[in-house]
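Architecture at a glance
The residues making up each chain are set out below.
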Protein chains: 4
Amino acid sequence: MTQTEQPAQRPSRNGKGTSSKYEQILQSAGQLFLQQGYERTSMSQIAQLAGVSKGSLYNHFENKADLFTAFFEECSRTRLNTLKSVSQAPQPDLRTALEQAAATIISLMIDPEAIGLYRIVVAEANEFPNLADTLWHYGVSRTLTGLSEWFAEKHAAGQLIIKDIDLAAEQFLTMCQTRIIHRSRLSLPVDTSQASIDGVASMVADSFLRMYAP
Amino acid sequence: MTQTEQPAQRPSRNGKGTSSKYEQILQSAGQLFLQQGYERTSMSQIAQLAGVSKGSLYNHFENKADLFTAFFEECSRTRLNTLKSVSQAPQPDLRTALEQAAATIISLMIDPEAIGLYRIVVAEANEFPNLADTLWHYGVSRTLTGLSEWFAEKHAAGQLIIKDIDLAAEQFLTMCQTRIIHRSRLSLPVDTSQASIDGVASMVADSFLRMYAP
Amino acid sequence: MTQTEQPAQRPSRNGKGTSSKYEQILQSAGQLFLQQGYERTSMSQIAQLAGVSKGSLYNHFENKADLFTAFFEECSRTRLNTLKSVSQAPQPDLRTALEQAAATIISLMIDPEAIGLYRIVVAEANEFPNLADTLWHYGVSRTLTGLSEWFAEKHAAGQLIIKDIDLAAEQFLTMCQTRIIHRSRLSLPVDTSQASIDGVASMVADSFLRMYAP
Amino acid sequence: MTQTEQPAQRPSRNGKGTSSKYEQILQSAGQLFLQQGYERTSMSQIAQLAGVSKGSLYNHFENKADLFTAFFEECSRTRLNTLKSVSQAPQPDLRTALEQAAATIISLMIDPEAIGLYRIVVAEANEFPNLADTLWHYGVSRTLTGLSEWFAEKHAAGQLIIKDIDLAAEQFLTMCQTRIIHRSRLSLPVDTSQASIDGVASMVADSFLRMYAP
DNA sequence: AATGAATGAGAATTCATTCAT
DNA sequence: CATGAATGAATTCTCATTCAT
């Protein structure tokens, strides 16, 4: 009912080249947790989807909470990795680069898995406090750092004038959440077409430039 | 197998000053739902906290889901009402007015109950789709409308130049969520002191003016 | 859970000419008991169908068992009365008279209410042992007596030669249950058209005459 | 709300001579269902009588209805099997053979288990419509077929003259129910001594011969 | 490691009955 | 008499976890 913190021993993947039962379970658990949330997902369901026995679950994970955190960490590491790459592609035009960065962020964050992860963290914030840490660590922090470094360069180059660079990065990220991401997280009807994303991205880039252009 | 008969009656509050058992239940349910979420809260817990028998719950509400939505609507109507009043107080200085509005919004949205409501909506978005509608209706919509009207006035008065007023209102509201609200929703450590709130509010006002001042 | 035997005081119907609430309840209870059986029928259902409060039920009947037996007795008295009239209509031809009596019996016994009563008696034979007495008394006994008297007359008149008249009556009644009644009681598909009934009735008359005609 | 997963497995009886837990449950369930009927029998009672936990019941059967039908089918197959053997023993004298067949049928059908099965089918005819099919298939059909074949032989041999053989078989079976079976099904006081059974059987044989002897 | 039957605590819900008004 | 909220025991069913094989 409450989570236990000991990370289950992670057996090295067996050398036979087949994805180990460990990962099979993790993958099935993830699918269900993301769809249904922690409480509504039962160990039986996971076992069935993974094609293993209920008992096997407990050979690999101490209990449901352990399996859950294992999934979450794996998922955060794997799925949120792409966010790091934001703003890697050099663009001659700053406005275009900002717009493109915003569009990328929005697209990544309305991905069903990202939405699912966000939901699960918010839902279980009290029961599993370190979920948020993990999400922040793998998801938000990296992006913010990436943006900060980028903005610092532009500041040094005189293309932007920013006093608090970290805050500016946070602002940029926050503004990206206008309308589309915000409504997606609530499962409210929302236009997620590329055109719609580009519209918000354009607005973000414009606003950001008004705020920080020389 | 057999049909259920008694439609849950919503008795008008008795005038004797004592909150009726109906509201007693609703209040207890709310407390638990906000703390623990829907799934983790059991009807037994609610009955116990409300000081009534488990059976009594079903004299007033058809089932757990019904009790939950009843709580949520009541709560949305009552608790989120205050958001309407944002920006009602006239201020000679536009910057100060914006800053104050932002500070008010931030304060209201990091209230534990508001955070709890947000969490529950995000968590149960799939199971109870109309929760988000209710939250949006009572919480977000009103605030946006209020801001839009205000900005329209300022636009008409030449103090702001805004093309898409509704989008501007959304931007303003989104920017208010930078750092403090965002982290609060994830139960991450965050400085919620007045000074911290004012800091973000000031940043929001500044940015907004840079974006839309003539 | 087990029945209590005290018959509830039967208030004389109120003189206002309107069917009393007592009978209103009895009628609704009957409808539900016959459809669903004793266990599956709840006091709430009865109250709702009768349009009275649950509490009212207990003003008129001591408990569920009492209400049930009251219904059953009333029902047996009222509904099974018609069986008495079997073989009242004089017929010049004995064969025709027998056939007609058999057809009447079959028709009466496949009536949904008769089937319902039979079912309920069989189902609750252990829990309410005197149901069977009542059914026998009001339903079977009368018919048997009627048949016995009739056969006795015919025996005296030399049209039939019967040693054990009571047994003959029972035989006649039993034979009437061939196929149609038997299958109806089990809700098995069965042809209940008049032609089908007449076919069995004819067979019964024939057989009976072979058995007892001089 | 969530789907159920484990289809109840029907394990083959383990060969160790001890009845498996599956059958242990089935046997206990049967005992209670036959005594008390479906509705009055609770899963807790069954678990207790079988000496297993409540949860175990659901490892073997999907739900109460599934356990019930499983019991019923098993029971019908096992218990009603003996009815098939009616009239297998050759008898030089037709009258004696008929009498003996009737006596056998009566004895089998007033067996407490047969009575219990009949009661349960009649009681649950609406809720479990295929109970009657099962009972008819395993119980009645076989007997009728057996009788029909026998009568056909006798007809071919000129010992009986029967136009509608199937109807004759039904008549024979119906007549066997006179008095003893009929009253037993209602739990009415009845003389079930061998003498009494022989009396009815004799009457049935006599009547049948009058109806169909050359 | 793998299995899957077994468990017992606890979940939601129903229901006959009572009782103050 | 009539009402309907209140009750608490009982019911069906779920679920995380254990353990012998």
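As the structure is a computational prediction, the values presented were derived from the model and not from experiment.

1. Quick look at the overall build of chain A
- Scanning chain A from terminus to terminus reveals 10 helices and 0 strands.
- Going residue by residue from the N terminus, the α and β elements of chain A occur as α-α-α-α-α-α-α-α-α-α.
- Per-residue burial for chain A yields a buried fraction of 53% across its 214 residues.
- Of all intrachain contacts in chain A linking residues separated by at least 6 positions in sequence, the fraction that spans at least 24 positions is 70%.
- Carbon and sulfur atoms make up 50% of the accessible area of chain A, which amounts to about 9,600 Å² in all.

2. Quick word on the relation of the copies chain B and chain A
- Superposing chain B onto chain A takes a rotation of 179° combined with a translation of 0.0 Å along the rotation axis, leaving an RMSD of 0.2 Å. What the superposition gives is, in effect, a two-fold axis relating one chain to the other. Looking at the rotation axis and the C-alpha trace of chain B, the residue lying nearest is A123 of chain B, at 2.4 Å.
- Looking at the interface residues of chain B, 100% of them are also at the interface in chain A, so both copies use one shared face.

3. Let's talk about the protein's contact with DNA strand E
- In the neighbourhood of DNA strand E, 31 residues make up the surrounding shell, with H60 of chain A, M43 of chain B, M43 of chain C together with K21 and H60 of chain D lying closest.
- The protein-proximal atoms of DNA strand E, defined as those within 4 Å of the protein, are 65% sugar or phosphate.
- Interatomic distance of 2.8 Å between a side-chain N/O atom of S56 of chain A and a phosphate oxygen of DNA strand E.
- Within the side chain of N59 of chain D, an N or O atom sits 2.8 Å from a base nitrogen of DNA strand E.
- Looking at the surface near DNA strand E, the elements with two or more residues in it are helix 3 (54–60) of chain A, helix 3 (54–60) of chain B, helix 3 (54–60) of chain C together with helix 3 (54–60) of chain D.

4. Some points on the protein's contact with DNA strand F
- In the vicinity of DNA strand F there are 32 residues, among which M43 of chain A, K21, N59 and H60 of chain B together with H60 of chain C approach most closely.
- Counted by atom, the contact set of DNA strand F within 4 Å of the protein is 64% sugar and phosphate.
- At 3.0 Å from a phosphate oxygen of DNA strand F is found a main-chain nitrogen or oxygen belonging to S53 of chain B.
- M43 of chain D is positioned such that a nitrogen or oxygen atom in its backbone is 3.0 Å from a phosphate oxygen of DNA strand F.
- Counting residues per element, the ones that place at least two in the surface near DNA strand F are helix 3 of chain A, helix 3 of chain B, helix 3 of chain C together with helix 2 (43–50) and helix 3 of chain D.
- Within the surface near DNA strand F, the residues separate by chemical class into 6 nonpolar, 20 polar and 6 charged.

5. Quick notes on the packing of aromatic side chains
- Scanning the entire structure with this criterion turns up 56 aromatic pairs over all chains.
- Between F172 of chain A and F208 of chain A the ring centres are 5.2 Å apart and the planes differ by 80°, which places this aromatic pair in the edge-to-face class. Residue F172 of chain A is located in helix 8 (residues 165–176), and its partner F208 of chain A is located in helix 10 (residues 194–212); the two are separated by 36 residues in the primary sequence. Each member of the pair, F172 of chain A as well as F208 of chain A, is classed as buried.
- Look at F68 of chain B and F128 of chain B: their rings are 4.9 Å apart centre to centre, the planes differ by 65°, and that puts the pair in the edge-to-face class.

6. Details of the interface of chain B and chain A
- In this assembly, 34 residues from chain B lie in contact with 35 residues from chain A.
- When chain B packs against chain A, the two sides together hide about 3,800 Å² of surface, and 57% of this comes from carbon and sulfur.
- Counting the surface chain B buries against chain A, the share from its top three residues, R40, W136 and L186 of chain B, is 18%.
- In this structure, the connection of chain B to chain A is made through 8 salt bridges.
- Notably, a salt bridge pairs R40 of chain B with E127 of chain A, separated by 3.7 Å at the nearest N-O pair.
- Here chain B and chain A share 13 residue pairs in polar contact (both at pLDDT 80 or more) between them.
- Sorting the residues of the side of chain B that touches chain A by element identifies helix 6 (112–123), helix 7 (129–156), helix 8 (165–176), helix 9 (180–185) and helix 10 (194–212) of chain B as the ones contributing at least two each.
- Residues belonging to the side of chain B that touches chain A are distributed by class as follows: 14 nonpolar, 9 polar and 11 charged.

7. Remarks on the UniProt feature "DNA-binding region" (unreviewed entry) in chain A
- In this numbering, the UniProt entry assigns the feature "DNA-binding region" (unreviewed entry) to residues 42–61 of chain A.
- For residues 42–61 of chain A, helix accounts for 75% and strand for 0%, while the C-alpha atoms at its two ends are 14 Å apart.

8. Side note on the side chain of E124 of chain D
- With respect to the helices and strands, E124 of chain D occurs in the loop between helix 6 (112–123) and helix 7 (129–156).
- On the accessibility criterion, E124 of chain D (5% relative accessible area) is buried.
- Sequence-distant contacts of E124 of chain D, that is, excluding residues within four places in its chain, are made with R40 of chain C together with Y38, E39, F68, P129 and L131 of chain D.

9. Notes on the packing of helix 1 (residues 21–36) of chain B against helix 2 (residues 43–50) of chain B
All names here are of chain B.
- Orientation of helix 1 relative to helix 2, taken along the N-to-C sense of each, is 130°, at an axis distance of 8 Å. By the criterion of interaxial angle, the relationship of helix 1 to helix 2 is oblique. Remark: the crossing between helix 1 and helix 2 carries right-handed chirality. Packed against helix 1, whose contacting residues are Q24, I25, S28, A29, Q31, L32, F33 and Q36, the element helix 2 presents Q45, I46, L49 and A50 at the interface.
- Class assignment for the residues of the contact of helix 1 with helix 2 results in 7 nonpolar, 5 polar and no charged.

10. Examining the side chain of Q177 of chain D
- Of note, Q177 of chain D is situated in the loop between helix 8 (165–176) and helix 9 (180–185).
- Among the residues examined, Q177 of chain D registers a relative accessible area of 8% and is labelled buried.
- Discounting chain neighbours no more than four positions away, the residues touching Q177 of chain D are T174 and H182 of chain C together with M109, H182 and R185 of chain D.

11. Considering helix 10 of chain A
- The end-to-end C-alpha separation of helix 10 of chain A is 26 Å, in line with the 27 Å expected for 19 residues at 1.5 Å each.
- Buried within helix 10 of chain A we find S196, I197, V200, A201, M203, V204, A205, S207, F208, L209, M211 and Y212 of chain A.
- Buried positions along helix 10 of chain A lie against helix 5 (94–109), helix 7 (129–156), helix 8 and helix 9 (180–185) of chain A together with helix 8 and helix 10 of chain B.

12. Overview of unusual backbone geometry
Residues and elements named next belong to chain D.
- Positive phi, close to 60°, is recorded for R179, a residue that is not glycine.
- Mapped onto the elements of the fold, R179 is located in the loop between helix 8 and helix 9.
- The exposure class assigned to R179 is partly exposed, which follows from its relative accessible area of 30%.
- With a phi angle near 60°, S187 is a residue other than glycine that sits in the positive phi range.
- Summarising the element assignment, S187 is placed in the loop between helix 9 and helix 10 (194–212).

13. Overview of the confidence of the model for chain A
- When the pLDDT values of chain A are averaged, the result is 88; 86% of them are 70 or greater.
- This model gives residues 1–17 of chain A a pLDDT under 50, and the stretch forms 25 contacts once residues within four places in sequence are excluded.

14. Looking at the environment of L160 of chain A
Residues and elements named next belong to chain A.
- Summarising the element assignment, L160 is placed in the loop between helix 7 and helix 8.
- A relative accessible area of 1% means that L160 is categorised as buried.
- Between the C-alpha atoms of L160 and F208, which are 48 residues apart in sequence, the distance is 9.7 Å.
- Other than its neighbours up to four places away in sequence, L160 contacts L94, F151, K154, H155, F208, L209, Y212 and A213.

Conventions adopted
- Residues numbered from 1 in each chain as written.
- Chains lettered and ligands numbered in written order.
- Predicted model: local features only at pLDDT ≥ 70, side-chain atom pairs only at ≥ 80, totals over all residues.
- Heavy atoms only, no water.
- Helix = DSSP H or I, 4+ residues; strand = E, 2+ residues; numbered from the N terminus.
- Buried < 20%, exposed > 50% of the residue type's maximum accessible area, 1.4 Å probe, protein only.
- Contact = heavy atoms within 4.5 Å.
- Areas by Shrake-Rupley, 256 points an atom, 1.4 Å probe, with all protein chains shown as cover.
- Least-squares fit on C-alpha atoms with pLDDT ≥ 70 in both.
- Near = heavy atom within 4 Å.
- Polar contact = N/O pair within 3.5 Å; in protein donor to acceptor, adjacent residues only side chain to side chain.
- Nonpolar A, V, L, I, M, F, W, Y, C, P; charged D, E, K, R; others polar.
- Phe/Tyr/Trp six-rings, centres within 6.5 Å; stacked < 30°, edge-to-face > 60°.
- Buried area = accessible area lost by both parts, 1.4 Å probe.
- Salt bridge = Lys/Arg side-chain N within 4 Å of Asp/Glu carboxyl O.
- UniProt positions renumbered as here; feature names shortened; annotations may be inferred.
- Axes fitted to C-alpha atoms, helices over the stretch in contact; angles between N-to-C directions.
- Parallel < 35°, antiparallel > 145°, perpendicular 65-115°, else oblique.
- Left-handed = near helix turned anticlockwise from the far one by under 90°.
- Expected span 1.5 Å × (residues − 1).
- pLDDT = per-residue confidence, 0-100.

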